[in-house]
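A structural walkthrough
Residue-level listing of the chains:
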Amino acid sequence: MRFSRREFVKTAAGAALALPFSGRISLASNPAETPLHGISSFGELKYTADFRQFDFASPEAPTGGTFNFSPSNWGFNQNTQTFNTLNSFVLQGEAPPRMELCFDTLMSEAWDEPDALYGLLAETVTISADRNTYRFALRSQARFHDGSPVTAHDVAWSVLTLKEDGHPQLALDLINVSQAIAIDDRTVEIAFNGKQSDRAILAIASTLPVFSRAWFGDRKIVDVTLEVILSSGRYEVKDYTAGQHIVYGRVADYWGRDLPVSHGLDHFEEVRIEFFRERQAAFEAFKKGNIGWREEFTAKTWATEYDFPARQEGKVRLAEFPEERIPSMQAFAVNTRRDKFAHPATRQAIARLFDFEWTNRNLFFDAYLRSDSLFEGSDFKATGMPGEAELAILEPLRGLLDPATFGEAVIQPPTDGTGRDRRMFRAADRLFALAGWTKRNGRMVNEVGEQLSIEFLIDSQVFERILAPYSENLRIMGVAVELRQVDPSQYQSRIEAHDFDIMMVAYNFQANPTGESLRQFFHSSSANRNGSKNHPGTADPGIDALVEKASQAGSREELVAAIRALDRALRVGQYWIPNWHAASHRVACWDMFGWKDPKPDYAFPVERLWWFDETRAKAIGRA
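Every value quoted in this text rests on a predicted model; they were computed, and no experiment measured them.

Our next topic: the nonpolar core. If you look at the biggest cluster of nonpolar residues, it comprises 101 residues, and the most contacted ones within it are Phe136 and Trp610. With residues up to four places along the chain from it excluded, the contact list for Phe136 reads Leu106, Met107, Ala122, Thr124, Val125, Arg186, Thr187, Val188, Ile190, Ile201 and Ala205. In this structure, Phe42, Ala333, Ala565 and Leu566 belong to the second largest nonpolar core, which totals 40 residues.

Encoded structure:
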């Protein structure tokens with residue numbers, strides 16, 4: 001199985017090698033003082049200024065129908081089990097996934113390029129000579145859903161408001177923004193203080209929602225509210241029942257429907273999400289046809305439970321789609337803010353006691369590969385000994401880094417698959433001793449006699465099946481273990497407040513991670529910030545320095561070397577214990593949808609790419 005909390009971190013937002021890049025054009029070398037229709041980190045733009053549509057779009061596809069699905073990824077404060085607010089862009093409350101469908105951004109991603117952006121609200125962007133200021137010329141036809149124009153004043157207000165009170169995934173991108181100014185109604189400038197990474201603007205331009213300043217008036221952005229916020233996007237909230245369902249309706253007179261970045265996308269008349277507190281309930285709803293699409297994350301379910309009548313009758317299709325060509329992380333996060341986990345040898349010992357080989361064979365139907373890296377499935381993954389480019393980055397930091405960083409890249413050692421590999425127990429025992437733990441009367445205790453205890457925080461009973469044998473191995477070593485399942489609201493609040501011992505996470509990065517995204521996960525500046533993705537609380541001067549090296553990369557080659565060096569150091573510290581990964585999305589759907597093959601390499605937003613196929617739907621009695 002894979003974890004349910006697969007989030008795309010566009011400061012954040014798969015698994016195959018990233019495409020090679022020529023390195024001829026970086027964001028820093030794009031023409032200055034010239035209006036540009038698109039920008040990207042590395043590599044030339046695929047689409048020229050006169051492009052009509054993205055290659056992955058389907059303008060010939062019909063519109064209509066409802067896409068009722070269980071989202072397989074989400075971000076910000078969103079939750080797939082419940083919701084109590086419609087404001088997705090702050091830390092407070094729990095919002096439904098896909099609220100971002102309602103909000104336009106300055107630019108739009110091309111999902112068949114690693115990080116290229118093209119104008120949405122903004123027709124062009126002009127980069128200043130010093131690369132610190134970006135001037136966006138807004139499209140004159142841009143409108144909110146009440147017919148009022150989207151102005152530069154709205155953009156500037158949104159930037160500054162979200163910098164102050166936005167969700168950390170947004171606010172951390174904006175930390176080096178010094179000002180946002182409306183030059184006139186159609187021109188806005190976003191200026192940085194010079195400390196930003198070269199690619200910081202990419203996350204801001206593609207992720208930052210633009211609000212109506214007039215609509216907010218005396219309202220506060222941080223309010224937990226079920227009031228529908230005025231927006232300007234392709235969809236708007238049509239109907240909802242808090243904690244149960246939400247329906248996004250396609251806006252018939254959407255101002256941007258004919259733009260190149262919109263043409264041939266967003267075919268469904270309605271996008272509907274149902275909320276379930278347990279996986280099994282969601283699966284049963286799918287089997288009955290109450291949900292039309294789901295991605296299956298549980299290997300056992302995929303292998304043994306799709307033999308229900310609708311599947312046997314050919315009404316339900318199973319398909320596998322390749323994972324995105326972006327770095328991904330799936331891991332146990334160990335909370336180093338707690339003294340008992342502060343010593344790296346303690347974390348290394350805990351890692352040794354997870355028997356992946358036994359788990360994969362007995363619980364996962366051999367569906368997965370073991371992960372070693374925090375950037376799995378990309379060429380940012382460190383392997384073997386450091387290369388020349390990596391050593392050039394590491395050597396000046398030798399005094400700050402564990403000496404093991406300069407050796408072979410750490411891998412999770414394979415077990416004998418018995419579930420009780422004595423070699424792993426002996427290795428764990430040595431590591432516990434190195435960290436100051438001693439086994440007395442069957443209990444692993446510190447110098448004052450306190451037993452090492454671990455609480456695994458989970459939000460679904462399904463994880464008990466995986467963690468039970470792992471817990472038993474820890475108990476054999478004298479560690480007290482508890483599996484603590486909490487309700488969705490408590491789970492979300494505890495994660496955001498970093499109130500846990502060990503938790504399970506899954507994230508996808510951008511194809512070219514920005515300095516801002518790396519800081520959110522690994523830098524000391526985010527270690528004690530509620531809502532950040534630095535779940536382990538990593539606060540290490542050597543790690544910080546490597547994050548800054550990646551932030552300063554001026555070419556694809558420099559970025560690869562810097563992140564590989566960072567990967568080495570993180571794996572030595574075992575702040576995150578990598579788990580496992582698969583090469584594809586396992587998708588089940590009722591046979592009433594159409595789609596275009598192949599899917600784009602860098603994203604899989606089915607609700608925007610697929611369409612309702614009336615002929616197929618009639619054939620299975622679902623028209």
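So, on to the environment of Thr304. With respect to the helices and strands, the residue Thr304 is situated in helix α6 (residues 299-304). You can call Thr304 partly exposed: its relative accessible area is 38%. C-alpha separation for the pair Thr304 and Ile350, spaced 46 residues apart in sequence, amounts to 31 Å. Polar contacts involving the side chain of Thr304 include one to the main-chain carbonyl oxygen of Lys300, which spans 2.7 Å.

The interhelical angle for the contact between helix α14 (residues 515-522) and helix α15 (residues 541-551), taken along N-to-C directions, is 165 degrees, at an axis separation of 8 Å. Between α14 and α15, the interaxial angle falls into the category roughly antiparallel. As α14 packs across α15, the resulting crossing turns out to be right-handed. Contacts between α14 and α15 involve Gly515, Leu518, Arg519 and Phe522 on the former and, on the latter, Ile543, Asp544, Val547, Glu548, Ala550 and Ser551. Among the residues making up the contact of α14 with α15, the classes are represented as five nonpolar, two polar and three charged.

Here we come to the packing of α15 against helix α16 (residues 556-573). Axis separation between α15 and α16 bottoms out at 8 Å; the angle between their running directions is 160 degrees. By the angle between their axes, α15 is roughly antiparallel relative to α16. The crossing of α15 and α16 is left-handed. Between α15 and α16, the contacting residues are Ile543, Leu546, Val547, Lys549 and Ala550 on the first element and Leu559, Ala562, Ile563, Ala565, Leu566, Ala569 and Leu570 on the second. Here the contact of α15 with α16 is built from residues that sort into eleven nonpolar, no polar and one charged.

Summed over all chains, the structure comprises 53 aromatic pairs. On the basis of an interplanar angle of 65 degrees and a centroid distance of 6.4 Å, the ring pair of Phe83 and Tyr240 is categorised as edge-to-face. Of the two residues, Phe83 sits in the loop between β3 (66-70) and β4 (107-109) while Tyr240 sits in strand β10 (residues 235-241), which places them 157 residues apart along the sequence. Assessed through its relative accessible area of 3%, Phe83 is described here as buried.

This brings us to the sheet that holds strand β5 (residues 117-119). One open sheet accounts for three strands, arranged β2-β5-β4; its pairing is antiparallel. The open sheet terminates on both sides in strands that have one partner only, identified here as β2 (38-39) and β4. Across two bridges, β2 lies against β5 in antiparallel orientation. Within β5, the residue paired with Ile39 across the bridge is Leu117.

With that settled, consider the pattern of salt bridges. Per the counting criterion, the structure on display carries 34 salt bridges. Of the charged contacts, one joins Lys46 and Asp112 as a salt bridge, the two residues approaching to 2.7 Å between their closest N and O atoms. Placement of the pair is Lys46 in the loop between β2 and β3 and Asp112 in the loop between β4 and β5, with a sequence separation of 66 residues. The salt bridge involving Glu296 is made with Arg294; its shortest N-O contact spans 2.7 Å. Judged on exposure class, the residue Glu296 and its partner Arg294 are both buried.

For Asp104, the location among the structural elements is in the loop between β3 and β4. Here Asp104 is buried and forms no salt bridge, its nearest opposite-charge partner Arg608 lying at an N-O distance of 7.3 Å. Separated by 2.9 Å, the side chains of Asp104 and Tyr254 make a polar contact. The residues contacting Asp104, other than those within four sequence positions of it, are Leu120, Leu121, Leu208, Pro209, Val210, Ser232, Gly233, Arg234, Tyr254 and Trp255.

This part covers unusual backbone geometry. Cis rather than trans, the peptide bond between Asp597 and Pro598 has omega equal to -10 degrees. By the element assignment, Pro598 lies in the loop between β25 (593-594) and α17 (606-609). Although it is not a glycine, Asp266 sits at a positive phi angle of roughly 60 degrees. As for its placement among the helices and strands, Asp266 is situated in the loop between β11 (245-250) and β12 (270-274). Look at Asp266 and you get buried, because its relative accessible area is 2%. The phi torsion at His498 lies on the positive side, around 55 degrees, for a residue other than glycine. Tracing the chain through its elements places His498 in the loop between α13 (488-496) and β21 (502-508). A relative accessible area of 6% means that His498 is categorised as buried.

Rules of the game
- Residues numbered from 1 in each chain as written.
- Predicted model: local features only at pLDDT ≥ 70, side-chain atom pairs only at ≥ 80, totals over all residues.
- Heavy atoms only, no water.
- Core = buried A, V, L, I, M, F, W, Y, C linked by side-chain atoms within 4.5 Å.
- Buried < 20%, exposed > 50% of the residue type's maximum accessible area, 1.4 Å probe, protein only.
- Contact = heavy atoms within 4.5 Å.
- Helix = DSSP H or I, 4+ residues; strand = E, 2+ residues; numbered from the N terminus.
- Polar contact = N/O pair within 3.5 Å; in protein donor to acceptor, adjacent residues only side chain to side chain.
- Axes fitted to C-alpha atoms, helices over the stretch in contact; angles between N-to-C directions.
- Parallel < 35°, antiparallel > 145°, perpendicular 65-115°, else oblique.
- Left-handed = near helix turned anticlockwise from the far one by under 90°.
- Nonpolar A, V, L, I, M, F, W, Y, C, P; charged D, E, K, R; others polar.
- Phe/Tyr/Trp six-rings, centres within 6.5 Å; stacked < 30°, edge-to-face > 60°.
- Pairing = 2+ DSSP bridges.
- Salt bridge = Lys/Arg side-chain N within 4 Å of Asp/Glu carboxyl O.
- Lys, Arg positive; Asp, Glu negative; His and termini not counted.

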